[in-house]
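Remarks on the overall topology
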Amino acid sequence: MSQQIKIKNALISVYYKDGLEPLVRLLAKQGVQLFSTGGTEQFIKDLNLPVTAVEDLTGYPSILGGRVKTLHPKVFGGILNRRGLNEDKAQIAEYEIPEIDLVIVDLYPFQETLKAGGTEEEIIEKIDIGGISLIRAAAKNFNDVVILASKDDYATLQNQLEEQNGETSLEQRKAYAKKAFHTSSHYDTAIFNYFNTEEPLDVFKLSINTSKTLRYGENPHQQGVFFGDLDEMFTKLNGKELSYNNLVDVDAAVSLIDEFDEPTFAILKHTNACGIASRATIAQAWDDALACDPVSAFGGVLITNGEVDLATATEINKLFFEVLIAPSYQPEAVELFKTKKNRVILQRNPVELGKKQFKTLLNGVIEQDKDLIIEGPDQMTAVTEKLATPAELKDLFFANKIVKHTKSNTIVFVKDNTLLASGVGQTSRVDALKQAIVKANEFGFSLTGAVMASDAFFPFPDCVEIAAEAGITAVLQPGGSIKDADSVNMANEKGIAMVTTGIRHFKH
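Here we summarise the structure given alongside this text. (Residues numbered from 1 in each chain as written. Predicted model: local features only at pLDDT ≥ 70, side-chain atom pairs only at ≥ 80, totals over all residues. Heavy atoms only, no water.)

Here we come to the packing of helix α19 (residues 462-470) against helix α20 (residues 484-494). Taken N-terminus to C-terminus, the directions of α19 and α20 make an angle of 20°; their axes are 9 Å apart at the nearest point. Relative to α20, α19 is oriented roughly parallel. At the point where α19 passes α20, the crossing takes the right-handed sense. Here V464, E465, A468 and E469 of α19 lie close against α20, whose contacting residues are S487, M490, A491 and K494. Looking at the contact of α19 with α20, its residues break down into four nonpolar, one polar and three charged. (Axes fitted to C-alpha atoms, helices over the stretch in contact; angles between N-to-C directions. Helix = DSSP H or I, 4+ residues; strand = E, 2+ residues; numbered from the N terminus. Parallel < 35°, antiparallel > 145°, perpendicular 65-115°, else oblique. Left-handed = near helix turned anticlockwise from the far one by under 90°. Contact = heavy atoms within 4.5 Å. Nonpolar A, V, L, I, M, F, W, Y, C, P; charged D, E, K, R; others polar.)

Listed below in structure tokens is the structure:
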């Protein structure tokens, strides 16, 4: 097995030329013969450096509008021949094939074209054939060949060649090969997912290039990594790095706030809302959201859908919190928040989020559509003698948005576009109801005239009975129990309104 390899011949064919010049100049200085195609060949010529056109090597021109340039035995034979195998040596000598020791190639911008909204023809033309083949060939033969498939590695190779007199080690070549196979795998996954939208195959493929190592996972003894581009979604204006638990809460906060169009503020703890209110102004929404449960709000994640001004920031600043998210801030508000260096202040950027969600489970992965349905008054069916008033229907809509984003089993109480209390993550629905009543009483909220929402149907009439006796006047539930009539009859007996939506919103 070969170890140190001196680079004698290099094939360079890249779409992006930025950062390439210093490496090309070094290769030329070290006596490396350069082979190239098209725009890269011209780039090297413009540097007044010697370069041989691939067409001169193969004896064939670039054809089919550039679709076929490097797909030739004199190119791939030069890359794939095994230097330690006499049969390979004899064949490349017979056919006058130069040994290619370095391949520098990148790929057509398929994902960029897709993201920019290109036509189908434009997208298909950005599916690279020659480049991906060169990458795989050079990476396969890492024993003898260096493959650079990313401009991020130009400087690294340049330093190695300067320090090692134009040579590379087996360990270095294998490391480049690993990166190259990642590049080809990521590229092919993107192409497959583009095609796998109509009548999709039942396979799971996802590839994310960017990642960030977290301080730890859910607990200090667990390692954690975030795969994705947080900088695309948020501009961090202050604070420490987000933790695993922060990210989970931020995801829940974003999903919740996106349900609301009117000025709204929400406070979350362990992915559940412990305070949320919609008002005429963000400042009013903050005051009323905090009043719901100021104890749980301590150390929470805060989110709003409007600009945070200095007056609102002054009130928020009185609370210890982990993360605050808003679409914009007044500069004076940011300066105030910066007085405490660890608090994370995020400005949310407009980014389209995916419509699928998945998680590992047992020895595989489960995937589903995100729960993007929400039922408003037009989707609510009255099932009781008493009808909900317009104000109650509005509050039921508000409550339904919250219950959808709260851990099951859950019950939510709402009045005047404000969360009064919720029962969260209980093993029985009646326990969730009782927990919500205790929370409301603890913070001095009267449930008289309030509404109640449930994420799933009532298996028994006890929840309706207890809620009515606590002062609830209107109830929302999906319905679907074989004993729905018992709950409806109880509502009629207690003189309260009930609507069903036909849509369950479990969240586990």
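What follows concerns the side chain of Q160. In this fold, Q160 is placed in helix α9 (residues 154-163). When sequence neighbours within four positions are dropped, the list of residues in contact with Q160 reads E167, Q172 and Y176.

The next subject is the pattern of salt bridges. Under the definition given, this model contains 23 salt bridges. Across the pair D101 and K8 runs a salt bridge, and its minimum N-O distance is 3.4 Å. Here D101, found in the loop between α5 (86-94) and β5 (102-105), pairs with K8, found in the loop between β1 (5-6) and β2 (9-13); they are 93 residues apart in sequence, far enough to count as distant. If you follow the salt bridges from partner to partner, you end up with K8, R83, E99 and D101 in one network. (Salt bridge = Lys/Arg side-chain N within 4 Å of Asp/Glu carboxyl O.)

This brings us to the packing of helix α1 (residues 21-29) against α9. In contact at an axis separation of 9 Å, α1 and α9 are set at 25° when each is read in the N-to-C sense. Judged on the interaxial angle alone, α9 and α1 are roughly parallel. Here the hand of the crossing between α1 and α9 comes out left-handed. Between α1 and α9, the residues in contact are P22, L23, L26 and L27 and Y154, L157, Q158, L161 and E162, respectively. Within the contact of α1 with α9, the residues separate by chemical class into seven nonpolar, one polar and one charged.

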